[in-house]
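# Notes for the structure review
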Amino acid sequence: MILPQIEHIEKLFKTNSKFTDKEGKLFIPKILDAIDKIDKDLVKLIMSDEKAKKQFFISIDDVYVLNQNDLIEFFTMNEYFNHSFTSYTNKIGLIKKDNFIKKFDDVVLAFPYKDCVLEGGQTKDDEKNSEVFYNAIISRDEIDRLLEPKVLTHIKRFDKDGEHEVEEIKEDDNLIIKGNNLLALHSLKKRYAGKVKLIYIDPPYNTGSDSFGYNDSFNHSTWLTFMKNRLEVAREFLSEDGVIFVSIDDNEQAYLKVLMDEVFGRENFVATIIKQSKVGGGSDTKHIVQEHEYIIVFAKTINNLSKMYIAHDKEYLKRYKEKDENGYYFWDTFARPGLKNPINYDIKMPDGTILNGDWIRSEKRFQNDYKNGDMRLLKKNDGQWTVHFKQRLNINGKKPRSIALDLGGTIEGKKDFMSLFNNSSIVFAYPKSVKTIRHLLEIINDKESLVLDFHAGSGTTAQAVLDLNKEDGGNRKFILIEQMDYIEDITCERVKKVIENNNQGDFIYAELKAIHNFSHSPIGQLNKNMQYLPISEIEDEEYAISQKEIVINKKFYGIDDE
């Protein structure tokens, strides 16, 4: 017999499809996740029912407070599932103070500073930072100010004819933003939320010798906090059919995957692409020469994800020389030596010869295809018979593979970069190859897509977008964010040279307005990073923002004059 209260709560939660599966049964992991996040729909649902409200809310001076522990216990105790009267009968695992470490179906990664926001304001590769961590609860005011949209300044447009004044930043403009990437993301969030089809980032790998330089004994935890803060806001930019690609190596790959499970939902994991990054060990002194890195792929909502295909290159298309009413094809061998699960049967040739072989298709399908002209029986000059079938060209392309050996590594990335600068003395360490980013753009296969890269580096993503647009007539747009000081001399210069070479394309450059007047405040004394001017203070005369920039910013942020 189901206890009345259990039956009542079950019926209540089934009234909201958000908390049920396709069969109408309660989806417990979803409910637990909603409890953890104090989901508004969940709170409203419980408040709407007097019995549930009485059981799961505490009244303090006419203020109702949700008792999360009781609610979690209700939906995780064994009693709920098979009407026993113990919470532990079907659970074996580690506990801490009566709570299982693994409370949810998904693995939850815990680390110091997980409940904090790290600004991450490094602007030079050799800069070592010791920053304040803003706790999400006790530093709420500081975080709100930190993440408030910032004033954009030094706004300029560049195209093949040079530099131009800007009257307005439109939604279909290519953007390169200089400034702290966390703050820039929060500044752009309202305007571009839900509109980005592809996010690609190549963050610092936390190898100890890369650009992630933090003087902190919890370096690994600091990196995870840094990534968590940025991935959480990045998710809001993705369209419902959008995808994020994150490059990483073995130093943090395992932890990043679990972190992204939590941020994007484990059910939205697409794949991990293994990409060859170099050939030959060179001066590598590790026990095993590491020649690969990874690209972790997550969808915003995997059920809305389009099928992924890579466009056929010219070399691949050479095979498909014949054509019929159903498209291009070539004659392929019907027998496959060494098949894992061969289908063995006899095929009778026109002269009565019987061929017995390991065929790749069933006898029924063979007979049907032969009748339709999609199979042929061919006698070779030596008198031997062979069986062929029409291997058809998939008009969508070919499916991308999880192992990618031909996407270009560090050497090719450097060649891409140096060729634009005529092999000058300008140097950029470890640029990604254009071929890598093009491959990801081709997987998405959307000529109108908006692409975001908030670890822009040398600007490879912008070059890939511009080059592919020129090649296939696409209208892809990009948003690049980079906080390092080299953005003007390297990132922007690279994109300008690509536009000049292609004789098409443009972008708007803007900076988050940096200010330095918080050094005497307690929080400012701890945080040595540059501060940025909140949009709410744009008309403060102390900052001398020009009237033209005030107008541009107000249009961009949708601020109406009173």
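Structure: see above.
Below, the structure is looked at part by part. Since we're looking at a predicted model, the values are computed, not measured. (Residues numbered from 1 in each chain as written. Predicted model: local features only at pLDDT ≥ 70, side-chain atom pairs only at ≥ 80, totals over all residues. Heavy atoms only, no water.)

### Side note on the overall build of the protein
Along the backbone of the protein there are 18 helices and 25 strands. Taking all 562 residues of the protein together, the buried fraction comes to 48%. If you take every contact in the protein between residues at least 6 apart in sequence, the share linking residues at least 24 apart comes to 69%. As presented, the protein carries roughly 30300 Å² of accessible surface, and 49% of it is formed by carbon and sulfur atoms. (Helix = DSSP H or I, 4+ residues; strand = E, 2+ residues; numbered from the N terminus. Buried < 20%, exposed > 50% of the residue type's maximum accessible area, 1.4 Å probe, protein only. Contact = heavy atoms within 4.5 Å. Areas by Shrake-Rupley, 256 points an atom, 1.4 Å probe, with all protein chains shown as cover.)

### Focus: a nonpolar patch on the surface
Where nonpolar side chains cluster on the molecular surface, the patch consists of Ile58, Ile60, Val63 and Val65 and spans about 330 Å² of accessible area. Here Ile58 shows up in strand S1 (residues 57-60). (Patch = residues over 30% accessible without salt bridge, like charges linked within 9 Å, V, L, I, M, F, W, Y side chains within 5 Å. Salt bridge = Lys/Arg side-chain N within 4 Å of Asp/Glu carboxyl O.)

### Comments concerning the environment of Gln68
Mapped onto the elements, Gln68 comes out in helix H5 (residues 68-76). A residue is classified by how much of its surface remains accessible, and Gln68, at 26% relative accessible area, is partly exposed. When the C-alpha positions of Gln68 and Phe57 are compared, they lie 8.7 Å apart, and in sequence the two are 11 residues distant. Residues contacting Gln68, with those up to four places away along its chain left out, are Ile35, Asp36 and Ile38. Polar contacts involving the side chain of Gln68 include one to the main-chain carbonyl oxygen of Ile35, which spans 2.7 Å. (Polar contact = N/O pair within 3.5 Å; in protein donor to acceptor, adjacent residues only side chain to side chain.)

### Things to note about helix H2 (residues 28-36)
Working note: α-helix, 3.6 residues per turn, so residues spaced by three or four point in the same direction. Every buried residue belonging to H2 is among Ile28, Ile31, Leu32, Ala34 and Ile35, and all of these are buried. Looking straight down H2, one finds its buried side chains confined to an arc of 160°; they lie on one side. Of the residues one or two after H2, Ile38 is the one with positive phi, at around 50°. (Arc of directions from axis to C-beta.)

### Structural notes on the sheet that holds strand S19 (residues 385-392)
Read across the sheet, four strands follow the order S14-S15-S19-S18 without closing on themselves; strand pairing throughout is antiparallel. Two strands bound the open sheet, and with one partner strand each, they are strand S14 (322-324) and strand S18 (375-379). This sheet shows a mean twist of 40° between the axes of neighbouring strands, independent of strand direction. The pairing of strand S15 (residues 327-333) with S19 spans five bridges and is antiparallel. Considered in S19, the bridge of Phe330 is made with Gln391. Helix-sheet contacts for helix H12 (residues 363-371) involve S18 and S19, and the interaxial angle to S18 is about 85°. (Pairing = 2+ DSSP bridges. Axes fitted to C-alpha atoms, helices over the stretch in contact; angles between N-to-C directions.)

### Focus on the packing of aromatic side chains
Counted by the stated rule, this structure contains 20 aromatic pairs. An angle of 25° between the planes, with centres 5.3 Å apart, marks the rings of Phe158 and Phe507 as stacked. Placement of the pair is Phe158 in strand S7 (residues 152-159) and Phe507 in strand S23 (residues 506-512), with a sequence separation of 349 residues. You can call Phe158 buried: its relative accessible area is 7%. The class for Phe507 is buried, based on a relative accessible area of 0%. Linked through ring pairs, Phe334, Tyr345, Trp359, Phe366, Tyr370 and Phe389 together constitute an aromatic cluster. (Phe/Tyr/Trp six-rings, centres within 6.5 Å; stacked < 30°, edge-to-face > 60°.)

### Re the nonpolar core
One finds Ile199 and Leu231 to be the most contacted residues of the largest nonpolar core, which totals 67 residues. For this core, the element with the highest residue contribution is helix H9 (residues 219-237), accounting for eight residues. Each residue touching Leu231, except ones within four places of it in the same chain, is listed here: Ile201, Ile244, Leu256, Leu259, Met260, Val263 and Phe264. Core analysis: the next-biggest nonpolar cluster, separate from the first, contains 43 residues, Ile176, Ile310, Leu441 and Phe507 among them. (Core = buried A, V, L, I, M, F, W, Y, C linked by side-chain atoms within 4.5 Å.)

### Looking at the pattern of salt bridges
With the rule as written, the count across this model stands at 36 salt bridges. Put simply, Lys178 and Asp485 hold a salt bridge, and the shortest N to O gap is 3.8 Å. Here the residue Lys178 occupies a position in strand S9 (residues 175-178), and Asp485 occupies one in the loop between strand S22 (477-482) and helix H16 (488-502), the gap between them amounting to 307 residues. Residue Lys178 is classed as buried on the basis of its relative accessible area, which comes to 19%. On the basis of relative accessibility, which here comes to 32%, the residue Asp485 falls in the partly exposed class. Among the salt bridges present, the one from Lys496 reaches Glu493, with a minimum N-O distance of 2.9 Å. Note that Lys496 and Glu493 are positioned in helix H16 at a spacing of three residues, about one turn of the helix. Under the relative-accessibility criterion, Glu493 is labelled partly exposed at 27%.

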